[in-house]
Amino acid sequence: MGRNPLGLLLSAPYLLFVLLVFAYPLVFAFYMSFHDYFFAAPGAVVDRPFVGLANFQEVLTDPAIIRSFGNVAIFLLINVPLTVVLSLVLATALNKVVHARTFLRVSFYVPYVTASVAVVVVWLFLFNSNGLVNQILGPLAPEPTWLINPLLAMPTIAIFVTWKQMGFFILLYLAALQNVSDELYEAAATDGAGKIRMFFSITVPGVRPATVLVLLLATVTGANLFTEPYLLTGGGGPNGASSSPVLIMYQRGIEQGEPGIAAAIGVILVIGVLILAFAQRKLAGGDDS
């Protein structure tokens, strides 16, 4: 601040972007959560009385909202570990590939950049009652089928999101693996260490900063789950088994005209994600990375 005016000038556009796109909406949502807020025509002067903690009280006592937080917890328990483990294992394997390396990397990345609507159509075809997955499983296929089964809807969505986003996290790990010295592997091989021992003793510690980042990004994106349950299960079905807090925010704030309730859900979600991200950072050793 002041010691390098040019640097401050160059960073000003991004700082302005953060303030307008992130900081202001967050502060405004916090304001909305304490008021009986509703949308009105531009320029209209309407009364939006202060209601204190009434919105939060309704959020914390509404079974549908509470269930949505439980659903996203189930999602994160499946999605985050799968994302970390599979992305690291696949990135390590791709890093060793000599032939067709670019083709394989692009193949894993394509689902991430493909429009969700297009990919959802394929998964609906695969996981419907007469889909390819059930045809392969035969008598072992669940009844009711995957996306209309209260116990399997959210796990199925978690697997879908893991598959779709994995290409991005693989690239993060591939970049991190470039900083792990080959001399460490050569020394370990000389000492008689096997591939599994080298993976856990060299690769995993070597990419720890990337793991902290992957944990954080997977948690944040998972907590903001919206598109997948909205498209795959028709808006959180069956009977709210795949609803998420962000989906409930959309339904209560936009469809039902209760933005104060939606804002309260958002504030609680932000606080929960911050606490979870802080705990992950401590447990994963992010402060030492």
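Let us look at the structure shown here.

Definitions and cut-offs
- Residues numbered from 1 in each chain as written.
- Predicted model: local features only at pLDDT ≥ 70, side-chain atom pairs only at ≥ 80, totals over all residues.
- Heavy atoms only, no water.
- Axes fitted to C-alpha atoms, helices over the stretch in contact; angles between N-to-C directions.
- Helix = DSSP H or I, 4+ residues; strand = E, 2+ residues; numbered from the N terminus.
- Parallel < 35°, antiparallel > 145°, perpendicular 65-115°, else oblique.
- Left-handed = near helix turned anticlockwise from the far one by under 90°.
- Contact = heavy atoms within 4.5 Å.
- Nonpolar A, V, L, I, M, F, W, Y, C, P; charged D, E, K, R; others polar.
- Phe/Tyr/Trp six-rings, centres within 6.5 Å; stacked < 30°, edge-to-face > 60°.
- Buried < 20%, exposed > 50% of the residue type's maximum accessible area, 1.4 Å probe, protein only.
- Lys NZ or Arg CZ within 6 Å of the ring centre and 35° of its normal.
- Patch = residues over 30% accessible without salt bridge, like charges linked within 9 Å, V, L, I, M, F, W, Y side chains within 5 Å.
- Areas by Shrake-Rupley, 256 points an atom, 1.4 Å probe, with all protein chains shown as cover.
- Salt bridge = Lys/Arg side-chain N within 4 Å of Asp/Glu carboxyl O.
- Arc of directions from axis to C-beta.

1. A word on the packing of helix H1 (residues 5-32) against helix H13 (residues 259-283)
In step 1: The interhelical angle for the contact between H1 and H13, taken along N-to-C directions, is 120°, at an axis separation of 8 Å. Judged by the angle between their axes, H1 and H13 are oblique. For the pair H1 and H13, the crossing hand works out as left-handed. From H1, Leu26, Ala29, Phe30 and Met32 reach across to H13, where they touch Pro259, Gly260, Ala263, Val267 and Val270.
In step 2: Residues belonging to the contact of H1 with H13 are distributed by class as follows: eight nonpolar, one polar and no charged.

2. Observations regarding the packing of aromatic side chains
In step 1: This model, assessed by the stated rule, comprises 21 aromatic pairs.
In step 2: Both rings, one in Phe160 and one in Trp163, keep their centres 6.2 Å apart while their planes meet at 40°; by these two values the pair is tilted. One end of the pair is Phe160 and the other is Trp163, both in helix H7 (residues 153-177) and three residues apart, which spans about a single turn.
In step 3: Residue Phe160 is classed as buried on the basis of its relative accessible area, which comes to 0%.
In step 4: Both rings, one in Phe199 and one in Phe200, keep their centres 5.2 Å apart while their planes meet at 85°; by these two values the pair is edge-to-face.
In step 5: Accessibility expressed as a relative area gives 55% for Phe200, which makes it exposed.
In step 6: An aromatic cluster is defined as three or more aromatic residues linked by ring pairs; in this entry it consists of Tyr24, Phe28, Tyr31, Tyr37 and Phe39.
In step 7: Positioned above the aromatic ring of Phe38, the side-chain terminus of Arg48 is 5.6 Å from the ring centre.
In step 8: Lying across the ring of Tyr185, Lys96 places its NZ or CZ 4.7 Å from the centre.

3. Observations regarding a nonpolar patch on the surface
In step 1: A cluster of nonpolar residues, Tyr14, Leu16, Phe17, Leu20, Val21 and Phe22, forms a patch on the protein surface that exposes about 650 Å² of accessible area.
In step 2: Judged by relative accessible area, which is 57%, Tyr14 ranks as exposed.

4. A word on the packing of helix H12 (residues 245-255) against H13
In step 1: Contact geometry for H12 and H13: axes closest at 7 Å, N-to-C directions at 165°. The orientation of H12 with respect to H13, classified from their angle, is roughly antiparallel. H12 and H13 meet at a crossing whose hand is left-handed. Packed against H12, whose contacting residues are Pro245, Val246, Ile248, Met249, Arg252 and Gly253, the element H13 presents Pro259, Ile261, Ala262, Ile265, Gly266 and Leu269 at the interface.
In step 2: Per-class residue counts for the contact of H12 with H13 are nine nonpolar, two polar and one charged.

5. Regarding helix H2 (residues 54-61)
In step 1: Listed in full, the buried residues belonging to H2 are Asn55, Phe56 and Val59. One side of H2 holds all its buried residues, which, seen down the axis, span an arc of 95°. Opposite its buried face, H2 presents the exposed residues Gln57 and Thr61, each directed more than 90 degrees away.
In step 2: The secondary structure elements touched by the buried residues of H2 are H1, helix H3 (63-96) and H13.

6. Points about unusual backbone geometry
In step 1: The residue after Glu143, namely Pro144, is reached through a cis peptide bond having omega 0°.
In step 2: Relative to the helices and strands, Pro144 is located in the loop between helix H6 (132-137) and H7.
In step 3: Cis rather than trans, the peptide bond between Gly237 and Pro238 has omega equal to -5°.

7. Brief notes about the pattern of salt bridges
In step 1: Under the defined criterion, the tally for this structure stands at three salt bridges.
In step 2: The shortest N-O distance in the salt bridge between Glu58 and Arg252 comes to 2.8 Å. With Glu58 in helix H2 and Arg252 in helix H12, this residue pair connects regions lying 194 residues apart in the sequence.
In step 3: By relative accessible area, Glu58 is classed as partly exposed at 34%.
In step 4: A salt bridge links Arg252 to Asp62, with the nearest nitrogen and oxygen atoms 3.1 Å apart. Of this pair, Arg252 sits in helix H12 while Asp62 sits in the loop between H2 and H3, and the two are 190 residues apart along the sequence.
In step 5: Beyond isolated ion pairs, a larger network of salt bridges with shared partners links Glu58, Asp62, Arg252 and Glu258.

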